[in-house]
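Examination of the molecular architecture
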Amino acid sequence: MIQHEEDSVLMDRVARGEEGAVGELYDRFGSLVFKVARQLLSTRAEAEDAVQDIFVRLWQTADRYDHRRAKLVTWVMLIGRRHLIDRLRRNAVRGTAGSFRADGTSDESGHRPERKPLEDERNDSLLQRIAELPELQRVVIEKAYLQGFTLREVSEQLGAPLGTVKSALSRGLARLRERVRADWAV
Amino acid sequence: MTSVEPMTPRQLLELASLDALGLLDDVESAMYTRSFHDAPATVQDEVLRLQGEIANDLQLLPGEEPDPQLRERVLKAVADALALDDSLAPLARIGREHRQRDRDGSRRRGPIRLGGSGQFWRAASFAMAGVSLIMAYFLAIGRQASSELYDAFIWDDTERLAVLLTVPAKEFLLDQSKKINLAPLDDNAEYDATLYVNSEAGRVLILVSDLPDRKGRGYQLQAIAAGSTEPTVLKRFHSPAGFGGVRIDELSTTLLATAIKWQIATIDGTVLLSSS
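Residues numbered from 1 in each chain as written. Chains lettered and ligands numbered in written order. Predicted model: local features only at pLDDT ≥ 70, side-chain atom pairs only at ≥ 80, totals over all residues.

Section: the overall build of chain A
When helices and strands are tallied, chain A shows 8 helices and 0 strands. For chain A, the succession of helices and strands along the chain, N to C, is α-α-α-α-α-α-α-α. When each of the 186 residues of chain A is scored for burial, the buried share is 41%. Within chain A, contacts between residues at least 6 apart in sequence are counted, and of these 56% link residues at least 24 apart. (Helix = DSSP H or I, 4+ residues; strand = E, 2+ residues; numbered from the N terminus. Buried ≥ 20, exposed ≤ 12 C-beta atoms within 10 Å, placed from the backbone. Contact = placed C-beta atoms within 7 Å.)

Observations concerning the overall build of chain B
Across its full length, chain B holds 10 helices and 10 strands. Partitioning the contacts of chain B with sequence separation of at least 6, the portion at a separation of at least 24 is 59%.

Regarding the interface of chain A and chain B
Many analyses report the size of an interface as the accessible area lost when the parts associate. Listed as interface residues are 58 residues of chain A and, on the opposing side, 47 residues of chain B. When contributions to the side of chain A that touches chain B are tallied by element, the ones reaching two or more residues are α1 (3-15), α2 (19-40), α3 (44-60), α4 (72-94), α5 (121-132), α7 (151-158) and α8 (162-183) of chain A. Per-element accounting of the side of chain A that touches chain B gives the leading share, 11 residues, to α2(A). Looking at the side of chain A that touches chain B residue by residue, the class counts come to 25 nonpolar, 14 polar and 19 charged. (Nonpolar A, V, L, I, M, F, W, Y, C, P; charged D, E, K, R; others polar.)

Quick notes on the confidence of the model for chain B
Note that predicted coordinates carrying low pLDDT should not be read in detail. All names here are of chain B. Looking at chain B, pLDDT values average 69 and 60% of them are 70 or higher. The secondary-structure element of chain B with the lowest mean pLDDT is strand β2 (residues 107-111), recorded at 33, while strand β10 (residues 271-274) shows the highest, at 92. Long-range and interchain partners of residues 89-147, a stretch whose pLDDT sits below 50, account for 55 contacts in this model, where long-range means more than four residues apart. Scored below 50 in pLDDT, residues 165-170 makes 9 contacts in the model with residues more than four places away or belonging to other chains. (pLDDT = per-residue confidence, 0-100.)

Overview of the nonpolar core
Counting 101 residues, the largest nonpolar core has Val14(A), Ala37(A) and Val51(A) as the members making the most contacts within it. What Val14(A) contacts, discounting residues up to four positions off in sequence, is Ala21(A), Val22(A), Leu25(A), Leu58(A), Trp59(A) and Ala62(A). (Core = buried A, V, L, I, M, F, W, Y, C linked by C-beta atoms within 7 Å.)

Quick look at the pairing of strand β3 (residues 178-184) of chain B
Residues and elements named next belong to chain B. With 5 bridges connecting them, β3 and strand β4 (residues 192-198) associate as antiparallel partners. Pairing of lysine 179 across the sheet is with tyrosine 196, part of β4. Pairing analysis gives 2 bridges linking β3 to β10, with the strands arranged antiparallel. The residue of β10 that forms the bridge with alanine 183 is serine 274. (Pairing = 2+ DSSP bridges.)

Remarks on the packing of α7(A) against α8(A)
Residues and elements named next belong to chain A. Interhelical geometry of α7 versus α8 gives an angle of 110° and a closest axis separation of 9 Å. By the angle between their axes, α7 is roughly perpendicular relative to α8. The interaxial crossing formed by α7 with α8 has right-handed handedness. When α7 is examined against α8, the residues Leu151, Arg152, Val154, Ser155 and Leu158 are found in contact with a partner set consisting of Leu162, Val165 and Lys166. Residue composition of the contact of α7 with α8, grouped by class: 5 nonpolar, 1 polar and 2 charged. (Axes fitted to C-alpha atoms, helices over the stretch in contact; angles between N-to-C directions. Parallel < 35°, antiparallel > 145°, perpendicular 65-115°, else oblique. Left-handed = near helix turned anticlockwise from the far one by under 90°.)

Details of the environment of Gln220(B)
Residues and elements named next belong to chain B. On the secondary structure map, glutamine 220 appears in strand β6 (residues 219-225). Placed 45 residues apart in sequence, glutamine 220 and alanine 265 show a C-alpha to C-alpha distance of 5.4 Å. Apart from residues no more than four positions distant in its own chain, glutamine 220 is found in contact with Val233, Lys235, Arg236, Ala265 and Ile267.

Re α8(A)
Structurally, the α-helix is built with 3.6 residues per turn, so residues lying three or four positions apart point the same way. Residues and elements named next belong to chain A. Compared with an ideal rise of 1.5 Å per residue, which puts 22 residues at 32 Å, α8 spans 31 Å between its outermost C-alpha atoms and is within 8% of the ideal. Taken as a whole, α8 has its buried residues at Val165, Lys166, Ala168, Leu169, Gly172, Leu173, Leu176 and Val180. Each buried residue of α8 lies within a common arc of 160° when the element is viewed along its axis, so the set occupies one face. Opposite the buried face of α8, at more than 90 degrees from it, the exposed residues are Gly163, Glu178, Arg181 and Ala182. (Expected span 1.5 Å × (residues − 1). Arc of directions from axis to C-beta.)

Things to note about the environment of Ala160(A)
Assignment of secondary structure puts Ala160(A) in the loop between α7 and α8. Apart from residues no more than four positions distant in its own chain, Ala160(A) is found in contact with Ser155(A) and Val165(A).

Some remarks on the packing of helix α6 (residues 135-146) of chain A against α7(A)
Residues and elements named next belong to chain A. At their nearest, the axes of α6 and α7 sit 9 Å apart, and the two run at 135° to each other. Comparing the axis directions of α6 and α7 gives the class oblique. As α6 runs across α7, the sense of the crossing is right-handed. Taking contact as the criterion, the partners of Val139, Val140, Lys143 and Ala144 in α6 are, on α7, Leu151, Val154, Gln157 and Leu158.

Details of the environment of Ile141(A)
Residue and element names in this part refer to chain A. Locating isoleucine 141 in the fold gives a position in helix α6. Judged by the 23 C-beta atoms lying within 10 Å of it, isoleucine 141 falls in the buried class. Placed 32 residues apart in sequence, isoleucine 141 and leucine 173 show a C-alpha to C-alpha distance of 7.3 Å. Leaving out residues up to four positions away in the same chain, isoleucine 141 has contacts with Ile130, Leu133, Leu146, Leu169, Gly172, Leu173 and Leu176.

In structure tokens, the structure reads:
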């Protein structure tokens, strides 16, 4: 059985609530989901809570996974990031967490963000590479990818056409991946 | 719903990363999915490859690993959610679609398999209630038809004419539509609504009873997609007086398939009815 068929079978089992299947799903993607959560959320505890919620959501939506539309990893990341972005927005409304900038300064509201302990070498490399991007790409990546603003919100904040914002984000992410991959190439 | 030009292959490839990372909003994501399905197989394969690569790319992520205990917490959280779901009466889950495999191995949607005679009879009585509702809809249209048709004709309201002149309910009763009951948020409210959603055909039938007359200002059907808390407005409509139906076609099949909550709200966004 090829991978995408196996993924469909796994998600069928997850939809039925088989504990073994949920465990398999976590074993494959738990670390990845945690890292994405850690990137966007201020504390480790909050990231862990988010991971719990995301896997519950993955179970709830398991019967909607279509292997013809996306690889399972893409589906997991899509559900995960949407949940995290919603969480960021809720936190912003409640004022419990400021937005994060790559240079560690506060957001437009003037509130100092809770410190994100991105100490490890990989994160430092990422932040450095983000800072080196062309201005528009850097700002769009910070706002959309790191802070969870929608592209329309970013477009309105910058006064830039939505298409321009999308292109900048797409090209910025591609350039970022190339440079970071080069940093870590053996 | 107004049709828009599908995305070109170049746009699909350029936006592949944004779609994979969940950075497109619901409408754009639905448009992306629709365009994806219309694209040549070579383009689809390239999009899938790119998106898989992006999603798996750990280079842009922190190096921290989760605690080993998080695995048990996740399993418990899902088990708790499952237990809560199981505590619902079977009637509340009827209509949930489970994927099945056809004999040729392809996937298709189908109704949930019910086990046990008790569940069968509850399901049968529920289905009968659905039939009664549909029959009442036809009768209501029959009584109201002449005056409403005349009004729609005089005011050249083609959308209203299409609703009154077609026979939408029968299709929704006989096809693979999922029935969704909406309850008013106000316990004292006397209005009610039921949806029949056919996500594969991209259409919804709304049956409403006694929604307040808003003097032409109308309502909107909205849905919240999986992984999101923000509703997407699917269609604005005018409610028929008393009891009647509104059919909506050409909706996003992706959004209909991934919606986890349905609402009817006023135009300014005040939610009146919601699914559980």
